[in-house]
Amino acid sequence: MAQALRPNPVGSLFATDHKPHPLQDTLLAVTLVLGVTSFVTAMFHNLHLLSSWTGLVGILTGAAGQYLSETTRERFGLILGLGAAGIGFFLGMAHGGLFGGVIG
């Protein structure tokens, strides 16, 4: 039972296979930051450019992270970030879109 209490000094915070996944963890962190940024800025009508662009990039990085993810913990965080980015993207599109007020 002692092996259950032994800490794992090497490995990722989100890896359940006890191997480091630096690319997947980076994509996870970027997706979460972009998703939260997009979701929060979507609540303000005049920030639709920021919310729609961060949402779009967050969706793309989240999709790439889902494609490359290797553990369930990584996928769980990516789904949270993708959901927030998607909501922020669609609200940003409803408030004016990617180029609203800039072109035309």
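That block above? That's the structure.
Overview of the structure. Remember, it's a predicted structure, so these values are computed and weren't measured experimentally.

Criteria and cut-off values
- Residues numbered from 1 in each chain as written.
- Predicted model: local features only at pLDDT ≥ 70, side-chain atom pairs only at ≥ 80, totals over all residues.
- Heavy atoms only, no water.
- Helix = DSSP H or I, 4+ residues; strand = E, 2+ residues; numbered from the N terminus.
- Buried < 20%, exposed > 50% of the residue type's maximum accessible area, 1.4 Å probe, protein only.
- Lys, Arg positive; Asp, Glu negative; His and termini not counted.
- Salt bridge = Lys/Arg side-chain N within 4 Å of Asp/Glu carboxyl O.
- Polar contact = N/O pair within 3.5 Å; in protein donor to acceptor, adjacent residues only side chain to side chain.
- Contact = heavy atoms within 4.5 Å.
- Axes fitted to C-alpha atoms, helices over the stretch in contact; angles between N-to-C directions.
- Parallel < 35°, antiparallel > 145°, perpendicular 65-115°, else oblique.
- Left-handed = near helix turned anticlockwise from the far one by under 90°.
- Expected span 1.5 Å × (residues − 1).
- Phe/Tyr/Trp six-rings, centres within 6.5 Å; stacked < 30°, edge-to-face > 60°.

1. As for the side chain of E74
Alright, step 1. Structurally, the position occupied by E74 is in helix α4 (residues 72-95).
Alright, step 2. No salt bridge is formed by the buried E74; its nearest oppositely charged neighbour, R75, is found at 6.5 Å.
Alright, step 3. A distance of 2.9 Å separates a polar atom in the side chain of E74 from a polar atom in the side chain of H21.

2. Some words on the environment of Q24
Alright, step 1. By the secondary structure assignment, Q24 is in helix α2 (residues 22-41).
Alright, step 2. The class of Q24 is buried, set by a relative accessible area of 10%.
Alright, step 3. Sequence spacing of Q24 and S69 is 45 residues, and the spatial spacing of their C-alpha atoms is 5.9 Å.
Alright, step 4. Those residues within four positions of Q24 in sequence are excluded, and the remaining contacts are L68, S69, E70 and E74.

3. Digging into the packing of α2 against helix α3 (residues 48-68)
Alright, step 1. As a packed pair, α2 and α3 sit with axes 8 Å apart at the nearest point and diverge in direction by 155°. Comparing the axis directions of α2 and α3 gives the class roughly antiparallel. Crossing geometry of α2 relative to α3 is assigned as left-handed. Each of L23, Q24, L27, V30, T31, L34, T37, S38 and T41 in α2 lies in contact with α3, whose residues at this interface are L50, S51, T54, G55, V57, G58, T61, G62, A64, G65 and L68.

4. Here's the deal with α2
Alright, step 1. The terminal C-alpha atoms of α2 lie 28 Å apart, and with 20 residues this matches the ideal 28 Å at 1.5 Å per residue to within 8%.
Alright, step 2. Along α2, the positions that sit buried rather than exposed are Q24, D25, L27, L28, T31, L34, G35, S38 and T41.
Alright, step 3. Each element contacted by the buried residues of α2 is listed here: α3 and α4.

5. Here we look at the environment of G100
Alright, step 1. Secondary-structure assignment places G100 in the segment after α4.
Alright, step 2. Sequence-wise, G100 and H48 are 52 residues apart; in three dimensions their C-alpha atoms are separated by 8.1 Å.
Alright, step 3. Residues within four places of G100 in sequence aside, it is in contact with H48 and L49.

6. Notes on the packing of aromatic side chains
Alright, step 1. This structure, assessed with the given rule, holds 2 aromatic pairs.
Alright, step 2. Centroid distance W53 to F99: 5.6 Å. Interplanar angle 80°. Geometry classified as edge-to-face. Of this pair, W53 sits in helix α3 while F99 sits in the segment after α4, and the two are 46 residues apart along the sequence.
Alright, step 3. Judged by relative accessible area, F99 falls into the partly exposed class, the value being 45%.

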